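What the coordinates show
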Amino acid sequence: MTLTHNVYFDGGVQSLAYERDGATSSVGVMAAGEYHFGTGAPERMTVVHGELTVRLPGSTDWVAYPAGTSFEVPGDSGFDLQVADATSYLCEYL
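Summarised in this report is the structure supplied together with it. Computed from a predicted structure; not experimentally measured. (Residues numbered from 1 in each chain as written. Predicted model: local features only at pLDDT ≥ 70, side-chain atom pairs only at ≥ 80, totals over all residues. Heavy atoms only, no water.)

Attention shifts here to the packing of aromatic side chains. A full pass over the atoms with the stated rule returns six aromatic pairs. Between F9 and F37, the aromatic rings sit 5.3 Å apart at their centres with planes inclined by 85°, giving edge-to-face as the arrangement. With F9 in the loop between β1 (4-8) and β2 (13-20) and F37 in strand β4 (residues 33-39), this residue pair connects regions lying 28 residues apart in the sequence. Look at F37 and you get buried, because its relative accessible area is 15%. (Phe/Tyr/Trp six-rings, centres within 6.5 Å; stacked < 30°, edge-to-face > 60°. Helix = DSSP H or I, 4+ residues; strand = E, 2+ residues; numbered from the N terminus. Buried < 20%, exposed > 50% of the residue type's maximum accessible area, 1.4 Å probe, protein only.)

Pasting the structure below:
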């Protein structure tokens, strides 16, 4: 198993990516702020602690996802996030 430390947005988002049983995932923390992520592959984001407010591709609506909830993002797209307080997440690449 290989762990990869990823740092985005001047350290505002940090994660550890790993592969297990042929599937790639990352776990991380986002500091308060606004972010845009592009996707290559489809993703499922699960909020572990805190809350993410998300605008999915093709939508103008912002939807809040508290701890214990998840959302999916299509591949070759992107999504916007608003983070009020530090939030941890699990990202599974589908």
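The next thing to look at is the sheet that holds β4. Spatially, β4-β9-β6-β7 is the arrangement adopted by the four strands of the open sheet, whose pairing is antiparallel. What marks the edges here is a single partner per strand, and that holds for β4 and β7 (63-66). Going from strand to strand, the sheet's axes swing by 30° on average, the running direction of each strand aside. With three bridges connecting them, strand β6 (residues 51-55) and strand β9 (residues 77-83) associate as antiparallel partners. By the bridge assignment, V54 is partnered in β9 with L81. (Pairing = 2+ DSSP bridges. Axes fitted to C-alpha atoms, helices over the stretch in contact; angles between N-to-C directions.)

Let us look at a nonpolar patch on the surface. Taken together, the side chains of M1, L3, L16 and V27 define a hydrophobic patch exposed on the protein surface, amounting to about 410 Å² of accessible area. Note that V27 resides in strand β3 (residues 23-30). We classify V27 as partly exposed; its relative accessible area is 36%. (Patch = residues over 30% accessible without salt bridge, like charges linked within 9 Å, V, L, I, M, F, W, Y side chains within 5 Å. Areas by Shrake-Rupley, 256 points an atom, 1.4 Å probe, with all protein chains shown as cover. Salt bridge = Lys/Arg side-chain N within 4 Å of Asp/Glu carboxyl O.)

Our focus in this paragraph is the sheet that holds β1. Read from one edge of the open sheet, six strands run β1-β2-β3-β10-β5-β8, paired in antiparallel fashion. Where the open sheet ends on each side, the last strands, each with one partner, are β1 and β8 (70-73). On average, each strand axis in the sheet is inclined to that of its neighbour by 25°, with strand direction left out of account. Alignment of β3 against strand β10 (residues 87-93), held across six bridges, turns out to be antiparallel.

What follows covers the pattern of salt bridges. Applying the stated criterion across every chain, the model contains four salt bridges. One salt bridge connects D21 with R20, and the closest N-O pair in it is separated by 3.8 Å. Relative accessible area serves as the criterion here: at 74%, D21 is assigned to the exposed category. You can call R20 exposed: its relative accessible area is 59%. Between R44 and E72 there is a salt bridge, with its nearest N and O atoms 3.1 Å apart. Of this pair, R44 sits in strand β5 (residues 43-49) while E72 sits in strand β8; the two residues are 28 residues apart in sequence, bridging distant segments of the chain. On the accessibility criterion, E72 (46% relative accessible area) is partly exposed. One salt-bridge network, in which partners are shared between bridges, spans R44, E72 and E92.

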